[in-house]
Amino acid sequence: NYFATNYDVAPTIMQRALGCNSNPKAYSTGSSLFYPRKIPFFVAGSYTDYAIVTPHQVTRIYPGGDYAIYGPLGHHMASAQLNIPLLKQAMAQMRLYFKS
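A quick note: this is a predicted structure, and the numbers were derived from the prediction, not measured.

> Even after reading the chapter, I still don't get the environment of A68, so can you show me in this structure?
Note that A68 resides in strand β4 (residues 67–70). Distance from A68 to A78, taken between C-alpha atoms, is 7.7 Å for residues 10 residues apart in sequence. Setting aside residues up to four positions removed in sequence, A68 forms contacts with V58, T59, R60, Y62 and H76.

> Explanation requested: the pairing of strand β2 (residues 50–53) in the structure shown.
On any regular strand, side chains alternate: one points to one face of the sheet, the next to the other face. Across 4 bridges, the pairing between strand β1 (residues 42–45) and β2 is antiparallel. When the sheet's bridge partners are listed, V43 is paired in β2 with I52. Connecting the antiparallel pair β1 and β2 is a turn made up of 4 residues. In this structure, β2 lies alongside strand β3 (residues 58–61), joined through 4 bridges in antiparallel fashion. Across the sheet, V53 pairs through a bridge with V58, a residue of β3. Between β2 and the antiparallel strand that follows it, β3, lie 4 residues.

> What is the right way to read empty space enclosed by the protein from this model?
Think of a ball as big as a water molecule: rolled over the atoms, this probe shows where empty space is left. Summed over the entire model, instances satisfying the criterion amount to 1 cavity of 30 Å³ or more. Approximately 30 Å³ is the volume found for the largest cavity. Taken together, I52, Q57, T59, L82, N83, L86 and L87 make up the full set of residues lining the largest cavity. Among the residues forming the lining of the largest cavity, the class breakdown is 4 nonpolar, 3 polar and no charged.

> For this particular structure, what's the right way to read a nonpolar patch on the surface?
Together, V9, I13, L18 and L33 make up an exposed nonpolar region whose accessible area comes to about 350 Å². Mapped onto the elements, L18 comes out in the loop between α1 (9–17) and β1. Exposure remark for L18: the relative accessible area of 60% places this residue in the exposed category.

Thresholds applied
- Residues numbered from 1 in each chain as written.
- Predicted model: local features only at pLDDT ≥ 70, side-chain atom pairs only at ≥ 80, totals over all residues.
- Heavy atoms only, no water.
- Helix = DSSP H or I, 4+ residues; strand = E, 2+ residues; numbered from the N terminus.
- Contact = heavy atoms within 4.5 Å.
- Pairing = 2+ DSSP bridges.
- 1 Å grid on protein atoms, 1.4 Å probe; cavity = no way out; pocket = protein on both sides within 12 Å on 5 of 7 lines; lining within 4 Å.
- Points joined across faces, edges and corners; volume = space filled by probe spheres on them.
- Nonpolar A, V, L, I, M, F, W, Y, C, P; charged D, E, K, R; others polar.
- Patch = residues over 30% accessible without salt bridge, like charges linked within 9 Å, V, L, I, M, F, W, Y side chains within 5 Å.
- Areas by Shrake-Rupley, 256 points an atom, 1.4 Å probe, with all protein chains shown as cover.
- Salt bridge = Lys/Arg side-chain N within 4 Å of Asp/Glu carboxyl O.
- Buried < 20%, exposed > 50% of the residue type's maximum accessible area, 1.4 Å probe, protein only.

None of the figures reported here should be taken as evidence of function without further support.
Pasting the structure below:
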């Protein structure tokens, strides 16, 4: 009933197998799989673009700034509007670990 991603693997191993007591937010956007939490979105990336995935839609952002919005079953939602507050949250999350 909640998102679990590969981001959750590191905190799970760090806490359960290695006994690390550090807050997972210091090194990951995930959390331990043993302590599930509801998150409003996660970011999925590839070599060329990335997507913001929510339970209701996937917003794919292309390198040139174009975007496409898809429903949960993969159908294109041509009339859907870009969720600017969600995009800002995703960008802030990505900036945490990718500093130039």
